[in-house]
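# Tertiary structure, described
Okay, here's what each chain looks like letter by letter:
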Amino acid sequence: MKKNLNFFTLAAIIFLISCAGNKKNIISIDLDHGWKFKTGDDLSWAKPEADDSKWDSISTGKLWEEQGHDNYDGYAWYRIKVLIPSSLKESSYLKDSLQFILGKIDDCDQFFLNGTLIGENNTLTSNPIADSIFSKLSGFYATDRNYILAVNSPKILWDKENVLAVRVSDHGGGGGMYSSHLRIQMMDIRDKILIDKSSSSFKFEGDKTNKTYVIKNGSGIGLKGKLTITANIDETKEVLYTFEENLDLKPGESKEYPVSFKAVTNATSVNFVFKHSDSKIVVESTDQAPYILTPKSGDEPKINGARVVGVRPGKPFLFNIPATGLRPMTFEAKNLPQGLVVDANTGIITGKVSQKGDYKIALTAKNSKGEVTRELIIKVGDQIMLTPPMGWNSWNCWGLSVDQKKVIQSAHVFKEKGLMEHGWAFINIDDGWEAKRDAKGEILANEKFPNMKALGDSLHKLGLKFGIYSSPGPLTCGGYTASYQHEAQDAKTYAKWGIDYLKYDWCSYGQIAKDNSLAELKKPYVVMQKALSEVDRDIVYSLCQYGMGNVWEWGSEVNGNLWRTTGDIVDTWESLSQIGFNQVKNAPNAGPGHWNDPDMLIVGWVGWGPSLHPTRLTINEQYTHISLWSLLSAPLLIGCDLNRLDDFTLNLLTNDEVIDINQDPLGKQATPKITKGNTQIWVKELEDGGKAVGIFNLGDKSEKVTVTLSEIGITEKQNVRDVWRQKDMGTFDTSFETSVGSHGVMLLKLSAK
Ligand code: GAL
């Protein structure tokens, strides 16, 4: 009875979506509800007759970890029964193929219809670890699953019950199907007019914003209709650009459309509307244009970045004074403790201090336009990484295809594009540098890294710090040699190479750990903690085990300076918002020397190597990303190809007032104070008594937000500053109003007048 009810409910969920100006209806079958789920693996579960009546119900809108299958890695199956009515065919103009839209699946999947394999994303092997590594490298976990069959395929049972089965494998981080609006629908004109928004990026030329789009006819028939392209400011609707033409594209033909409009500092959309003459079907698509908010740095000297740094007694100290302004510039550092010296031309402070203590240094930067002095506190003691690390890591762009040249190039971009002037300091190699061990068991770098020591030296000479990656297991996640049973030896090798930062990633330690108990989760991290404490350098200890066993509760016990709180991030709004807005229960555990790490940044050109694409985050989403990570006191590790650092991304990463929020010496992590509908207001207490406030809009439309000061714990009159624009908005007694674009943010600093 239950089974039948389920089937008929599903069969009844047929959506009629009216298409503008179109008499016909597009029909799609909703697949968002009614799935059954079982962990484990048995190929007979693909068969229609398999009994799933005792399987769990599951939502395909969120990962299985969020639905009671905490830390489950391995295989699992999803099944659903659906009536596919033949009337569906009528809903399409092209009438040639049926598509099954299954959304994103973490990591790998095979899709079966009525017992037959239709397709797969990733080759599933008997080894889920290998599957997941391959998936990560190929970005499959962020790929939309869209399986297509010809309407006359005998695999489709028209007007009958069809059984859809999805075999999923996952290792590490989240697992399972995790999108909404899953459906079955006919392919149509809308799927065949392809508007390519990512083959070129926006350019700022003079006072103009320019981009060239390509429109392609992906169908087998000629397509004629009216094309309109407009650009308008989202908020005011002011039209910046319009273009119209009668489009006529042969099968497979494509055409370029250069779009140009005046640069603005507000969210702006470029809208495409194509009206197909014959069917009257309307195809719409939108792109968001970048808008630069950070004002240009001035010519006069200004010192930026961290105001407090830690070093252990007797360990090498390296600090580059981050300062913007005209070059040449000279530097001074007064009251340096014995053992430290500053290079007056580069502003790099080096040396060793044996005496514990807090040293207040007066840093001065001088150029032809003037001079400036700012205090830096050097704390010589047990704790390092007193503000979150800021740097670059190779993983989100290059994946395993990282090599020495790419690392050196990144370091040069840090210098040449001025990132170092804003406090960016670490250059970290992720997985993919390792070779085998030599006869004495010493780890060797592979042919892509011919001389690690020389690489370290060259980075240090530039004033940069050098990071590396390993795993406590026998192999890294990418399948390279890792540190198991060689921990002390590896720590010594790292010290010899001049390593300043180690990311230590659980990976294959899963095969060594006896179980998932806290003791077993901590064990490998204690072993490496000891090894690191015995070398003659400070090495920042970055724990990466995706948050298992609430790592934030014990990470600092094993001397972790940061710990990943989640699985891997990808460059989608789902991933960003799911991770970013859920960093709540770990907030009390962040503080100077120990930070929650919601994973690396996904702005710029990313792709997990070797082929990259511009981030799929919209402009508003990118402002949200950097604002939220700053409020969270999260480590800021740029994950993009720095050779392709465009003006917008550079601007996003070099706003000193935003960075100040991240680097605030108090080291508090923001928490959400108000959640109303799609709006969330996050507040971070700052050392100077002020508050950083992020007003986020998680919804699809622009929102007007009234911030009532008492609701965020403020009783006095406040000066409100727009941090991105670096502009005061005025003083407010009780409340103020602002508007926030879809998936966007207003980042403010509030201080009592
Ligand atoms: C993952 C980790 C990634 C990256 C990768 C390397 O487990 O979360 O950030 O380090 O391994 O293989």
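These remarks concern the structure in this document. These numbers were taken from a predicted model, which means no experiment stands behind them.

## Remarks on the pairing of strand β32 (residues 434-437)
Bridging between β32 and strand β33 (residues 443-445) involves two bridges; their strand directions are antiparallel. Bridge pairing in β33 links Glu434 to Ala445. Between the antiparallel neighbours β32 and β33 lie five residues, among them Gly441 with a positive phi of about 90 degrees.

## What about the environment of Phe331?
If you trace the backbone, Phe331 turns up in strand β25 (residues 330-334). With 13 residues separating them in the primary sequence, Phe331 and Ala344 have C-alpha atoms 4.6 Å apart. Apart from the residues within four sequence positions on either side, Phe331 is in contact with Ile321, Ala323, Asp343, Ala344, Asn345, Thr346, Gly347, Thr364 and Ala365.

## Digging into the sheet that holds strand β46 (residues 718-722)
With antiparallel pairing, six strands are arranged side by side in an open sheet as β42-β43-β44-β49-β46-β47. Strand pairing shows two members of the sheet lacking a second neighbour, β42 (671-676) and β47 (727-732), which therefore form its edges. Neighbour to neighbour, the strand axes of the sheet diverge by 25 degrees on average, direction disregarded. In this structure, strand β44 (residues 691-697) lies alongside strand β49 (residues 745-752), joined through six bridges in antiparallel fashion. Pairing of Ala692 across the sheet is with Lys749, part of β49. In the packing of helix α11 (residues 619-631) onto the sheet, the strands contacted are β43 (679-685), β44 and β49, and the crossing angle to β44 comes to about 145 degrees.

## Some points on the state of the cysteines
Per the stated rule, a full pass over the model turns up one disulfide. Summary of cysteine pairing: Cys397 is not part of a disulfide, and the nearest cysteine sulfur, belonging to Cys640, is at 6.6 Å. Accessibility expressed as a relative area gives 0% for Cys397, which makes it buried.

## Quick notes on the packing of helix α10 (residues 573-580) against α11
It is the contact of α10 with α11, at a shortest axis distance of 11 Å, that shows an interaxial angle of 25 degrees. As the angle between them shows, α10 and α11 are arranged roughly parallel. Relative to α11, the crossing made by α10 is left-handed. Along the contact surface, α10 presents Trp573, Leu576, Ile579 and Gly580, while α11 presents Glu621, Thr624, His625, Leu628 and Trp629. Each residue belonging to the contact of α10 with α11 can be placed in one class, and the counts come to five nonpolar, three polar and one charged.

## Quick word on the environment of Val309
Note that Val309 resides in strand β22 (residues 308-311). For Val309, a relative accessible area of 11% puts it in the buried group. Taking the C-alpha atoms as reference points, Val309 and Ile378, separated by 69 residues in sequence, lie 5.1 Å from one another. Ignoring sequence-local partners within four residues, the contact set of Val309 consists of Phe317, Phe319, Leu376, Ile377, Ile378, Lys379 and Leu386.

## Overview of the packing of aromatic side chains
A complete count under the given rule lists 25 aromatic pairs for this structure. Between Phe37 and Trp64, the aromatic rings sit 5.7 Å apart at their centres with planes inclined by 45 degrees, giving tilted as the arrangement. Of this pair, Phe37 sits in strand β3 (residues 35-39) while Trp64 sits in the loop between β4 (56-58) and β5 (74-83), and the two are 27 residues apart along the sequence. The same class applies to Phe37 and to Trp64, which are both buried. Judged by centre distance (5.0 Å) and plane angle (65 degrees), the ring pair of Trp506 and Tyr509 falls under edge-to-face. Taken together through their ring pairs, the aromatic side chains of Trp35, Phe37, Trp64, Tyr72 and Tyr78 make up a single cluster.

## So, the packing of helix α8 (residues 487-497) against helix α9 (residues 518-533)
In contact at an axis separation of 8 Å, α8 and α9 are set at 40 degrees when each is read in the N-to-C sense. When the axes of α8 and α9 are compared, the pair comes out oblique. As for the relative orientation of α8 and α9, their crossing is right-handed in sense. Two secondary-structure elements touch here, α8 through Glu487, Ala488, Ala491 and Tyr494 and α9 through Val527, Met528, Ala531 and Leu532. Across the contact of α8 with α9, the residue classes break down as seven nonpolar, no polar and one charged.

## Some remarks on unusual backbone geometry
With an omega of 5 degrees, the peptide bond between Asp106 and Asp107 qualifies as cis. Mapped onto the elements of the fold, Asp107 is located in the loop between β6 (97-106) and β7 (108-113). The omega torsion across Arg327 and Pro328 is 0 degrees, close enough to zero to call that bond cis. Within the secondary structure, Pro328 sits in the loop between β24 (323-324) and β25. For Ser633, which is not glycine, the phi torsion reads 55 degrees and is therefore positive.

## A look at the pattern of salt bridges
One side chain can pair with another of opposite charge once the charged atoms of both are near each other. In this structure the tally under the stated criterion is 39 salt bridges. In this structure, Lys453 and Asp457 form a salt bridge, with 3.0 Å as the shortest nitrogen-oxygen distance. Separated by four residues within a single helix, Lys453 and Asp457 lie in helix α7 (residues 452-461), roughly one turn from each other. A residue is classified by how much of its surface remains accessible, and Lys453, at 37% relative accessible area, is partly exposed.

Cut-off values and rules
- Residues numbered from 1 in each chain as written.
- Predicted model: local features only at pLDDT ≥ 70, side-chain atom pairs only at ≥ 80, totals over all residues.
- Heavy atoms only, no water.
- Pairing = 2+ DSSP bridges.
- Helix = DSSP H or I, 4+ residues; strand = E, 2+ residues; numbered from the N terminus.
- Contact = heavy atoms within 4.5 Å.
- Axes fitted to C-alpha atoms, helices over the stretch in contact; angles between N-to-C directions.
- Disulfide = S-S within 2.5 Å.
- Buried < 20%, exposed > 50% of the residue type's maximum accessible area, 1.4 Å probe, protein only.
- Parallel < 35°, antiparallel > 145°, perpendicular 65-115°, else oblique.
- Left-handed = near helix turned anticlockwise from the far one by under 90°.
- Nonpolar A, V, L, I, M, F, W, Y, C, P; charged D, E, K, R; others polar.
- Phe/Tyr/Trp six-rings, centres within 6.5 Å; stacked < 30°, edge-to-face > 60°.
- Salt bridge = Lys/Arg side-chain N within 4 Å of Asp/Glu carboxyl O.

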